[in-house]
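A structural walkthrough
Below are the chains, spelled out letter by letter.
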Amino acid sequence: MALALLTRQALRASAIYSHVVSSRPTKALFGRPAGFSAAAAPKGKQPPPPPVEDEPELDEGMDYDPMEDLTVPQRRRVLAMKEVQKKYDAIHNEYQKELAALQHKYNGKYVPIFDERRDIFTGKTAITEKYDLQDDGEPDGPVPEFWLNALANHNKVGAFITERDSEVLKYLEDIRSEVLLGEERGFKLLFYFRADNPHFSNKVLEKVYVLEPEDDVVPKNFTGTAIAWKPGRDVTVEESKRRVKGGKGDKSKPAFVVEKVPCDSFFTIFDPPKVPTEAQATIMSEEELEEVEEALANDFDIGFAIKDQIIPRAVEWFTGEIAPISPDEYDDEYEEGEY
């Protein structure tokens, strides 16, 4: 229960933050170099979720009664309200199913629009409109690294893209999303890569976010495509040399073994952490629970931002004009008294 509460708080706060920042004043950042990416956020460096206020300290083996300070008549009224809550939950579940069906319907209407956008930035469609722009003598062709820049310019997603990731994302041709229908609630992201991608053999990488039915930001299960990395191309690991000493009396020189060590990478979202069961959570330490909660929150944050913000308005994320202004940038550009 503790993990579910922490995760619910962190993911809901994450979703709200993502919505808020997309509404802040914007500033054109198109001057960033192609292939720009921010440094990956180190694991464990994210701010911890806000503590649950007034959460009582429990002795081991004790059950906490949330109504212990209520009188018996008050408890009866609370229990009666919980019965009413079940009626709301049943109706809300119907709403969620109908909402998913409606989103699925409109996703189908978006497909030809996103196809048209893809054909423009890949150079497949000829552009005859001049848009009051004078020719500069440069040849026409595709817009390079479109999705790399769109992702990197997002304040949340870009923080998890490393320089090595950038080399892979240059081959990203399109991103689409789908709504999950049926009993499972959530969404799926599909990443389409060019045929000449030298890093892995997959043409499409999928990431599925299954959420708890009663709360659309609490994870139930996250899954991703197993990436078939080509030799020496896996950006989710780094090679580390370790000295191995010979046996006792061995006069030979110490040998080295090369180990692959996991490292920060955007592509770790395709191998997400498992959501622990209640039984597993009870035997995990507080540090382990916080680490899992943080990883799940970051994972959901990336997926939610790509689905709801980057895919619908990719051209504005590519130019950077929709990117929120940081406090430092705002102070530099707008001196006190200047508006």
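Fair warning: this is a prediction, and the values are worked out from it, not measured in the lab.

**A word on the overall build of the protein chain**
A tally of regular secondary structure across the protein chain gives 8 helices and 6 strands. For the protein chain, the residues scored as buried account for 32% of the 339 residues in total. When contacts within the protein chain are restricted to residue pairs at least 6 apart in sequence, those whose partners lie at least 24 apart make up 67%. Carbon and sulfur atoms form 53% of the exposed surface of the protein chain, whose accessible area is close to 22,100 Å².

**Remarks on the environment of F200**
In this structure, F200 sits in the loop between β2 (185–193) and β3 (204–211). We classify F200 as buried; its relative accessible area is 2%. For F200 and A228, which are 28 residues apart along the polypeptide, the C-alpha to C-alpha distance reads 5.3 Å. What F200 contacts, discounting residues up to four positions off in sequence, is V168, F193, L205, I227, A228, W229, K230 and F267.

**Let's talk about the environment of G123**
By the secondary structure assignment, G123 is in the loop between α2 (72–121) and α3 (146–152). For G123, a relative accessible area of 37% puts it in the partly exposed group. Residues G123 and G141 lie 18 residues apart in sequence; the distance between their C-alpha atoms is 5.1 Å. Contact partners of G123, with chain neighbours within four places excluded, come to G141 and P142.

**Looking at the packing of aromatic side chains**
Aromatic rings in a pair are described by how distant their centres are and how their planes are angled relative to each other. Per the stated rule, a full pass over the model turns up 18 aromatic pairs. Measuring from centroid to centroid gives 5.2 Å for F146 and F318, while their planes differ by 25 degrees, and the two rings are stacked. One end of the pair, F146, is in helix α3; the other, F318, is in helix α7 (residues 314–319), with 172 residues separating them in the sequence. For F318, a relative accessible area of 14% puts it in the buried group. Chaining the aromatic ring pairs together yields one cluster made of F191, F193, F200, W229, F266, F267 and F270. Across from the ring centre of F187, 5.0 Å away, lies the NZ or CZ of K307, which sits over that ring.

**So, the pattern of salt bridges**
For the structure on display, the rule yields 15 salt bridges. Between D115 and R176 there is a salt bridge, with its nearest N and O atoms 2.7 Å apart. Separated by 61 residues along the polypeptide, D115 in helix α2 and R176 in strand β1 (residues 172–179) bring together distant segments of the chain. On the basis of relative accessibility, which here comes to 13%, the residue R176 falls in the buried class. For the salt bridge of E167 with K170, the shortest nitrogen-to-oxygen distance reads 3.1 Å. Several salt bridges share partner residues, and in doing so they unite D115, R118, D119, D174 and R176 into one network.

**Quick look at the confidence of the model for the protein chain**
Per-residue confidence for the protein chain gives a mean pLDDT of 79, with 73% of residues at or over 70. Considering only residues more than four positions removed or in separate chains, one finds that residues 1–53, a stretch of pLDDT under 50, has 104 contacts. Between residues 333–339, whose pLDDT stays under 50, and residues either more than four places distant or in other chains, the model counts 2 contacts.

Criteria and cut-off values
- Residues numbered from 1 in each chain as written.
- Predicted model: local features only at pLDDT ≥ 70, side-chain atom pairs only at ≥ 80, totals over all residues.
- Heavy atoms only, no water.
- Helix = DSSP H or I, 4+ residues; strand = E, 2+ residues; numbered from the N terminus.
- Buried < 20%, exposed > 50% of the residue type's maximum accessible area, 1.4 Å probe, protein only.
- Contact = heavy atoms within 4.5 Å.
- Areas by Shrake-Rupley, 256 points an atom, 1.4 Å probe, with all protein chains shown as cover.
- Phe/Tyr/Trp six-rings, centres within 6.5 Å; stacked < 30°, edge-to-face > 60°.
- Lys NZ or Arg CZ within 6 Å of the ring centre and 35° of its normal.
- Salt bridge = Lys/Arg side-chain N within 4 Å of Asp/Glu carboxyl O.
- pLDDT = per-residue confidence, 0-100.

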